There are 4 protein chains.
Amino acid sequence: MGLDVGVIGVGMIGQEHVRRLDGGPGGSRVVAVADADAERAATVAAQLPAAKALPSGEELIASDAVDAVVVTSWGPTHEPYVLAAVAAGKPVFCEKPLAPTQEACRRIVAAEVAAGRRLVQVGFNRRYDPAHRALKRAVDDGAIGAPLLVHCAHRNASVPPHYTRDMSIADTAIHEIDEMRWLLGTEIAAVRVLTPRRSSRGGALQDPLLVLFEMADGVLVDVEVSVNVHYGYEIRCEVSGETGTVELAEPAPVTIRREGTVAGLVPGDWRERFALSYDVELREWVDAVAGGRPPQGPSAWDGHVAQVVSDAALQSLHTGSRVAVELPEQPALYR
Amino acid sequence: MGLDVGVIGVGMIGQEHVRRLDGGPGGSRVVAVADADAERAATVAAQLPAAKALPSGEELIASDAVDAVVVTSWGPTHEPYVLAAVAAGKPVFCEKPLAPTQEACRRIVAAEVAAGRRLVQVGFNRRYDPAHRALKRAVDDGAIGAPLLVHCAHRNASVPPHYTRDMSIADTAIHEIDEMRWLLGTEIAAVRVLTPRRSSRGGALQDPLLVLFEMADGVLVDVEVSVNVHYGYEIRCEVSGETGTVELAEPAPVTIRREGTVAGLVPGDWRERFALSYDVELREWVDAVAGGRPPQGPSAWDGHVAQVVSDAALQSLHTGSRVAVELPEQPALYR
Amino acid sequence: MGLDVGVIGVGMIGQEHVRRLDGGPGGSRVVAVADADAERAATVAAQLPAAKALPSGEELIASDAVDAVVVTSWGPTHEPYVLAAVAAGKPVFCEKPLAPTQEACRRIVAAEVAAGRRLVQVGFNRRYDPAHRALKRAVDDGAIGAPLLVHCAHRNASVPPHYTRDMSIADTAIHEIDEMRWLLGTEIAAVRVLTPRRSSRGGALQDPLLVLFEMADGVLVDVEVSVNVHYGYEIRCEVSGETGTVELAEPAPVTIRREGTVAGLVPGDWRERFALSYDVELREWVDAVAGGRPPQGPSAWDGHVAQVVSDAALQSLHTGSRVAVELPEQPALYR
Amino acid sequence: MGLDVGVIGVGMIGQEHVRRLDGGPGGSRVVAVADADAERAATVAAQLPAAKALPSGEELIASDAVDAVVVTSWGPTHEPYVLAAVAAGKPVFCEKPLAPTQEACRRIVAAEVAAGRRLVQVGFNRRYDPAHRALKRAVDDGAIGAPLLVHCAHRNASVPPHYTRDMSIADTAIHEIDEMRWLLGTEIAAVRVLTPRRSSRGGALQDPLLVLFEMADGVLVDVEVSVNVHYGYEIRCEVSGETGTVELAEPAPVTIRREGTVAGLVPGDWRERFALSYDVELREWVDAVAGGRPPQGPSAWDGHVAQVVSDAALQSLHTGSRVAVELPEQPALYR
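Starting from 1, residues in each chain are numbered consecutively following that chain's sequence as written. In the order they appear in the text, chains get letters beginning with A and ligands get numbers beginning with 1. Under the rules for a predicted model, residues below a pLDDT of 70 receive no local features and side-chain atom pairs below 80 are neither given nor counted, while totals for whole chains, interfaces and linings still include all residues. Where side-chain values are given, they derive from all heavy atoms of the structure, hydrogens and water being excluded.

### A short note on the packing of helix H4 (residues 78-88) of chain B against helix H5 (residues 102-115) of chain B
Residue and element names in this part refer to chain B. Using the following cut-off: Here, axes are lines fitted to C-alpha atoms. For helices the fit covers the stretch in contact, and angles between N-to-C directions go from 0 to 180 degrees. Per the convention used, a helix needs a DSSP run of H or I reaching at least four residues, while a strand needs a run of E reaching at least two, with both numbered from the N terminus. Any angle from 65 to 115 degrees is called roughly perpendicular, while one under 35 is roughly parallel, one over 145 is roughly antiparallel, and all others are oblique. Only heavy atoms enter the contact rule, under which two residues are in contact if any of them lie within 4.5 Å.
Remark: H4 packs on H5, axes separated minimally by 10 Å, with the N-to-C direction vectors making an angle of 5 degrees. Judged by the inter-axis angle, H4 sits roughly parallel to H5. Together, Glu79, Val82, Leu83 and Val86 of H4 and Ala104, Arg107, Ile108, Ala111, Glu112 and Ala115 of H5 make up the contact between the two elements.

Below, the structure is given as structure tokens:
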């Protein structure tokens, strides 16, 4: 066993994945890194027992030393790296988004279909969060009867200055887009984005949003997307079914009584909230690909569909209208 | 002090109010009852130390023995009783709805304006629930910054066979209509009713609904209205503000661990959930009117506005479109 | 109906009870007040529509205008007032403790037994708190099987400078003494007081204490008594039974997310936490005695037993040893 | 890097640790297993890519292929294996108890001291549970001021027929013995075991117990030990400090509303509750010893002290008296 991994893009999330993959589960190690910033690649490689810094992602993918590729570079660069990995017949884990346009996603899907086997996994980490898995298990087990409505909130303490209105959909709500498809086992048929009163804390940003998804079977999902909530990072989800509801519990591990309150701590950001989900995600990916099996996680098709829905949501945000989602036919590879 | 009250309509809610008012706070007693079912009126009167059954609501209102009137009869009968009480110059507490059409509500408002003083209070009991008051206090105190979004759920375990789709709005969501105006201190500017997948437990009923209110200042409210949830009666509300959120806590007084769960009991129905709010509502009403002061609670104007919004919501339910709410000018009496 | 009440002792708790009783449930009014501070009595009386200030508790009890007596004066004065009320054949509600020594309590019991009917109720308000009633209902309904252990905490934010070590038992833990007898339906057979590390916030006071009660059937109760916890006032209780446990839920009506926490507010003091229990306690007392029935609440016997156990706990606190509780035989009147 | 591990004793917990260690964090693999049941050893080895079944623990320890040893055999066999590993100069992770008598523990400590370096780690997994770590962090950060009291409950759904009264201490409460020393950073000075009413569900077993620890600085700890609670497995702990308290939150990841309750699921057993803590424990152990550093977890000394306290608690259980804990002097190696 063992899996020798190359990582393209070693910024913040890339370095976290390096830490998880080197000497990690399933005997994985990081043997190569590449980054647009060659100095950063060298620094990261120097801290690893078995890794070299390579001059480009392309060379990393081509290297015989690399069994599998992790793409954690800037979104617009995902497509060429993923296509090269597919062409090389190497498993590739690509952080979300698979690619920032649906056309690019479609090309990746086409390439994988042409290759005839699943090589690509997209980093929708919610599917690996123990709490979200418990949520899905309760729904699937019939604990609440058939789902009818879902209420979500996706709240960030703050966002950097370069964060734009469209990123509220394409970078933030995209997690709920994938999550709802996975949780409910149906496609999103239409989307509508409503713009409430704007927070004075977000500058010119239209924040918050209320995003509504109509699932193919009529389940209606509402998602609050707020990116300047100040108090911390919080993900909430309640599914209302015919005979009950299930919702994510507070994740705080301890309750503190002091100064007039009985309180749990809210995570500061997504890294704190979802650290365990990334561990599980990469462990399961390594287990599969090191064992020669296709990855079981979100596929290129899932990445593609998420992008199509994201584009529909952006159109709704821009026009104020409900937008129906038009999906291409699902290739047999992904059924 | 003391207040001698006559009660018109002594069905379930009427009898509960009789129990609260006889020998109740502020020295109130029930001295007269009337009911379309004369036998029922007689039976209720016989159990009270000082009450007579009178043959009609009109005679009850006219009776010199009656200082103030409580109307808990069937909705369509509210208008004539309230108008008669106003004409007689007697304080009148009328269960919601004030009247089932906005035209009827407008006539009541006009009559009270003509009388030149506030005599009418409408039974929107949410405003008296200690938890809802704590919610409003947190919002008003600035604990969460300026409100941006509100998420509500109004869930009934089940409804009787005669319950219709329109009652989801006119009888059920009308509580949230009044609550949002009171909680946020602004008017509802537009409403949109969405129809998710239908619960198989509700027969032909369109259940649940998702009702969206756009407040005049842009705050966006979503309300799940579900009337066959099976698991109990539950009212939820979270206000998302610029720096935090506040939501109703679970009302269960104890936590029970058994058979694999750690659980709070959900109230079975609205009587159990809101018993204390009715106590407070009537106590404060008696305090005010027994002291010769105008009632401080929801006014005829509030009843009227609720009906206008309810009609707009029904129009949205019937047409599928967003409906703007057109309010008449608010008479000076209610400012 | 109606009940004309005289109140002896109109300090803080006395004035609160006056407010609850005047124009209160069951048609009660306050017709007379007395206080060691005559000026205070006059001031309180002047604010009431029907009350006179009388020069002494004795005269108040003797007054023909007074149907029933409430004793909220300083503990050491309880005995003569309660004895006088019993001698006058008038119902008397006496705040806890019934009397500060078991000898005094015994004399009251003897007087009531000689009178041949129940006239005395002691103000152990926990029995009227809705959450404690839900706790008892769960135990009585068998929701958790036979009780085996009980864990309690009685926490005060702070205590006044004159508060002494013995008051931790006689004024504070005495609530749990009565509560455990009522909740479990058995007597306390032995008591042991342990003295943990002393809080630096309590000056020379031995604070906190851990008080252990052995019930007659072997159920073991531990009570944390802390009177300088700083963060608020909190009462906790969990009963562990053979098949589950039941505990008091957090009483906070709303949950607030802000500044990195998701929090409920803790009540500041016992008045805030138990306001409703006092309402219910006095309403039920008025209902009973105005109706000519014996009071159903904690009896003189309960007051006496609490004092006997309190004395045993004090002996344990002073000696460090386990102390068996020796109860006199229960008079037939209280069975 | 990488660490080749031999595992002695591959029953339930042994197999779980094998799963965690083979292809696990830090490049660890399992290269040898041994078991009193040779067939079981062979079966387990056959499922691993790189492991041999060896005929005895002694041969496993002696094998050149083995870098480090994990002892998960039956308690009474721990001593010889740990001593052999120490003699061989190999790091050894030994499940709790280190050894079932304090004499055996003392011999292990003496051997390690003679060896002059730390080789032994004991499997007190609570120290690795994220919630317990958050508890300790709150205490250490001063969030609640100086600790004064601790309330714990250790509840098992049920125990097997061979479980004895003494195992309530030696196998069950021993977790709290180590936890309190670690959490509070002080030694246990005395212990007292109280025997409440016996659960009818535990047969002849004395269940539950209330175990009291007096820490050296006066902090008082009470621990409910219940091993037939029926409703699930639950670990509770609240630390009361001078200005607040901190307690473990409910671990349930989701909240389910159905059939009249709003509920979290309780774990069925310790494996479910503490799965993550074992992951972290072994990951940190591998990280340390694979890096040539001494293990940072509970030491042989901690194992020894736990056994001394456990013996004192057993003496208290047998005699009914408070028993002072007499600790030998701590060797310099462990300071």
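Having seen the structure, we can now continue with the description.
### Structural notes on the relation of the copies chain B and chain C
Note the threshold: The least-squares superposition of copies is restricted to C-alpha atoms, and to residues with a pLDDT of at least 70 in both copies.
Structural alignment of chain B on chain C gives an RMSD of 0.1 Å, achieved by rotating through 180 degrees and translating 0.1 Å along the axis. Taken together, these values place the two copies in the relation of a two-fold axis. Both copies present the same face, since 100% of the interface residues in chain B are matched by interface residues at the equivalent positions in chain C.

### With respect to the interface of chain B and chain A
How we decide: What counts as buried area is the accessible surface, traced by a 1.4 Å probe, that two parts surrender upon association, with contributions from both included. A side-chain nitrogen of Lys or Arg and a carboxyl oxygen of Asp or Glu constitute a salt bridge if their distance falls within 4 Å.
Taken residue by residue, the interface counts 37 residues in chain B and 36 residues in chain A. Where chain B abuts chain A, roughly 2900 Å² becomes buried across the two surfaces, and 56% of that area is made up of carbon and sulfur atoms. The largest share of the area that chain B buries against chain A comes from B:Leu148, B:Arg197 and B:Glu242, three residues that together contribute 22% of it. Linking chain B to chain A there are 8 salt bridges. Between A:Arg197 and B:Asp217 there is a salt bridge, with its nearest N and O atoms 3.4 Å apart.

### As for empty space enclosed by the protein
Short version of the rule: The rule is simple: put a 1 Å grid over the protein atoms alone, call a set of points where a 1.4 Å probe fits but cannot get out a cavity, call an open set with protein on both sides within 12 Å along at least five of seven lines a pocket, and count a residue as lining if it has an atom within 4 Å of a point. Grid points are joined across faces, edges and corners, and a volume is the space filled by probe spheres set on the points.
Under the defined criterion, the tally for this structure stands at 7 cavities of 30 Å³ or more. By volume, the second largest cavity is sized at about 250 Å³. Around the second largest cavity, the lining is made up of 19 residues, and of these C:His151, C:Glu238, D:His151, D:Arg236 and D:Glu238 lie nearest the centre. Among the elements of the structure, strand E7 (147-155), strand E10 (220-226) and strand E11 (234-241) of chain C together with strand E7 (147-155) and strand E11 (234-241) of chain D are those that each provide at least two residues to the lining of the second largest cavity.

### A closer look at the interface of chain B and chain C
Rules: What qualifies as a polar contact is a pair of N or O atoms within 3.5 Å, subject to a donor-acceptor requirement within protein and to the restriction that residues adjacent in sequence count only when both atoms come from side chains.
Every contact between the two is made by 29 residues of chain B and, on the other side, 29 residues of chain C. Between chain B and chain C the total buried area reaches about 2100 Å² when both faces are included, carbon and sulfur atoms providing 55% of it. Considering only the surface of chain B that becomes buried against chain C, B:Pro253, B:Val254 and B:Arg257 emerge as the three largest contributors, covering 22% of it. The shortest N-O distance in the salt bridge between B:Glu247 and C:Arg257 comes to 2.8 Å. Where chain B meets chain C, there are 8 residue pairs in polar contact (both at pLDDT 80 or more).

### Re the UniProt feature "domain: Gfo/Idh/MocA-like oxidoreductase C-terminal" (unreviewed entry) in chain A
The line we're drawing: UniProt positions are given in the numbering used here, feature names are shortened, and annotations may be inferred rather than shown by experiment.
Following the UniProt record, the feature "domain: Gfo/Idh/MocA-like oxidoreductase C-terminal" (unreviewed entry) maps to residues 136-325 of chain A here. For residues 136-325 of chain A, helix accounts for 35% and strand for 29%, while the C-alpha atoms at its two ends are 24 Å apart.

### Thoughts on the sheet that holds strand E5 (residues 92-95) of chain A
All names here are of chain A. Here is the rule we go by: Paired strands, in this sense, are two strands between which DSSP finds at least two bridges.
Spatially, E3-E2-E1-E4-E5-E6 is the arrangement adopted by the 6 strands of the open sheet, whose pairing is parallel. Two strands close off the open sheet at either side, each with one partner strand: strand E3 (52-53) and strand E6 (120-123). Direction of pairing for strand E1 (residues 3-8) relative to strand E4 (residues 68-71): parallel, over a ladder of 4 bridges. The residue bridging Val7 from the neighbouring strand is Val70, located in E4.

### A word on the sheet that holds strand E3 (residues 52-53) of chain D
Where strands meet in a sheet, backbone hydrogen bonds hold them as pairs that are either parallel or antiparallel. Residues and elements named next belong to chain D. Strand order in the open sheet formed by 6 strands is E3-E2-E1-E4-E5-E6, with parallel pairing between adjacent strands. What marks the edges here is a single partner per strand, and that holds for E3 and strand E6 (120-123). Examined bridge by bridge, strand E4 (residues 68-71) and strand E5 (residues 92-95) share 3 bridges and lie parallel to one another. If you follow Val71 over to E5, its bridge partner there is Cys94.

### Here's the deal with the pairing of strand E12 (residues 244-248) of chain A
Taken residue by residue, a regular strand's side chains alternate between the two faces of the sheet. Residues and elements named next belong to chain A. Stated precisely, the cut-off is as follows: Think of it in three bands: residues with accessible area under 20% of the maximum for their type are buried, residues over 50% are exposed, and the middle band is partly exposed, with areas taken using a 1.4 Å probe on protein chains only.
Burial analysis of E12 places 5 of its 5 residues in the buried class, which makes it a mostly covered element. Pairing of strand E11 (residues 234-241) with E12 involves 3 bridges; the strand directions are antiparallel. Each residue of the ladder has a partner; that of Val239, found in E12, is Val246. Two successive antiparallel strands, E11 and E12, enclose a turn made up of 2 residues.

### Some words on the domain arrangement of chain A
All names here are of chain A. Heads up, the rule is: Residue ranges labeled as domains rest on an automatic or database domain assignment. For this classification, Asp, Glu, Lys and Arg are treated as charged, while Ala, Val, Leu, Ile, Met, Phe, Trp, Tyr, Cys and Pro are nonpolar and the rest, including Gly, are polar.
Taken as a whole, chain A is organised into domain 1 (3-125 + 275-299) and domain 2 (127-272 + 308-324). Between the C-alpha centres of domain 1 and domain 2 the distance comes to 27 Å. Taken together, the 17 residues of domain 1 in the interface contact 14 residues of domain 2. The largest contributions to the domain 1 side of the interface with domain 2 come from Lys96, Gln102 and Phe124, which together make up 34% of the buried area. Counting every contact that joins domain 1 to domain 2 gives 1 salt bridge. Two residues, Arg133 and Glu284, come together in a salt bridge whose shortest N-O distance is 2.9 Å. Linking domain 1 to domain 2 there are 7 residue pairs in polar contact (both at pLDDT 80 or more). In terms of residue count, the dominant contributor to the side of domain 1 that touches domain 2 is helix H8 (residues 270-290) (7 residues). Per-class residue counts for the side of domain 1 that touches domain 2 are 8 nonpolar, 5 polar and 4 charged.

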